[in-house]
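Examining the three-dimensional arrangement
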Amino acid sequence: MITVLTGGTGGAKFVDGLRRIVPPQELTVIVNTGDDHEWWGLYVSPDLDSVTYMIAGILSPERGWGVRGDTFHCLQTMKELGEPSWFSVGDRDLAIHLLRTGLLLQGCSLSEATQTIAEKLRVHTRILPMSDHKIETRIQTPLGELSFEEYFVKRRYQDLVSAVRFAGAADSNPAPGVLEAITNSDAVLIAPSNPITSIGPILAVAGIRDALRETAAKVVAVSPIVGTAAVSGPAAALMASQGFEAAITGIADCYADFIDGLIVDDADTHSAQRLIGRGIQIESTNIFMRTTEDRIRIARTALTLAMRETVAAKMVEAS
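Anyway, here's the lowdown on the structure attached to this text. Here the structure is a predicted model, which means the values were calculated and not measured.

A closer look at the overall build of the protein
In terms of regular secondary structure, the protein is built from 13 helices and 14 strands. For the protein, the C-alpha radius of gyration of 19 Å lies close to 20 Å, the compact-globule estimate for 319 residues. If you line up the protein on its principal axes, its C-alpha atoms span 70 × 40 × 40 Å. Each of the 319 residues in the protein was classed as buried or not, and the buried ones make up 52%. Taken as a whole, the protein presents about 14000 Å² of accessible surface, with 52% of it coming from carbon and sulfur. Placing the 28 positive and 38 negative side-chain charges of the protein at their respective mean positions leaves the two points 4 Å apart.

Okay, here's the thing in structure tokens:
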């Protein structure tokens, strides 16, 4: 079994590459829910939706979020009625939020609601929220503390960030199946997601970081940084605000206590030599995921690095 920790648009692209080379019953996706947001009284889970839509083949390729070919009539009408409209929700996307909210009001857990939605969209890969508890990523800015969606979407991540916290994480537990997936995997992969606000919330859930340290599987991350810049989004700025170097060395520091390998861009091959002395295996490739072929190549590179010793051991046993 292969387990991947993911969040954000880069994470969804990486999962797309994985699902094309790993049988669905062999892949488990653990997803960040720190971005979850209440909108018009509905429970919205952007990262869960992006992963589910990607695997279902309905994610909008132009936007990288929401449903392909969606319309926005409800959003336009709400705007005309004077209601908030800064968070773009398409009409088909809205149906998923209505379904999820209804399931939660009926007493279902977020895990159960996620499974129901996946089944209705004919997704056979196991998708797990990081926790069934409410955990909210909070961003401290000169304007005050903002939710992640306020910072990222409404404010377009233009504000200086002085602190990031995960409200509710201290009292949370992993969702059912999360720890078992990490413990029993043949490989654990960390998607090229923002290490602070996409992977950070997952690691803040009690027990998950311990499981990553203790699993017998190799843990391999894909860098979302090239040089000193993020491939997309505010990852570099957020890393710097938290005292991490906005570079592959900073990625390694974020995951220092459990990482075995790191996939870096070809441009960072020389810089990566510093990490080899820290016991981290390095593989370099072009990490920009512009095409489906790119996604498959990067997923295969990460999987090969994570499985290299396992395959070698099996070859020795067979000889």
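Now that the structure has been shown, the text picks up again.
Brief notes about the side chain of Asp 159
Mapped onto the elements of the fold, Asp 159 is located in the loop between α6 (148-154) and β8 (163-167). For Asp 159, the side chain forms a polar contact with the side chain of Arg 155, separated by 2.9 Å. Residue contacts for Asp 159: discarding those within four places in its chain leaves Thr 141, Leu 143, Leu 146 and Tyr 151.

A short note on unusual backbone geometry
Trans is the prevailing form of peptide bonds, just as negative phi is the prevailing case for residues other than glycine. Although it is not a glycine, Trp 40 adopts a positive phi angle of roughly 55°. A relative accessible area of 23% places Trp 40 in the partly exposed class. Unusually for a residue other than glycine, Tyr 157 sits at a positive phi of about 40°. With respect to the helices and strands, the residue Tyr 157 is situated in the loop between α6 and β8.

Rules of the game
Residues numbered from 1 in each chain as written. Predicted model: local features only at pLDDT ≥ 70, side-chain atom pairs only at ≥ 80, totals over all residues. Heavy atoms only, no water. Helix = DSSP H or I, 4+ residues; strand = E, 2+ residues; numbered from the N terminus. Rg over C-alpha atoms; globule rule 2.2 N^0.38 Å. Buried < 20%, exposed > 50% of the residue type's maximum accessible area, 1.4 Å probe, protein only. Areas by Shrake-Rupley, 256 points an atom, 1.4 Å probe, with all protein chains shown as cover. Lys, Arg positive; Asp, Glu negative; His and termini not counted. Charge placed at Lys NZ, Arg CZ, Asp CG, Glu CD. Polar contact = N/O pair within 3.5 Å; in protein donor to acceptor, adjacent residues only side chain to side chain. Contact = heavy atoms within 4.5 Å.

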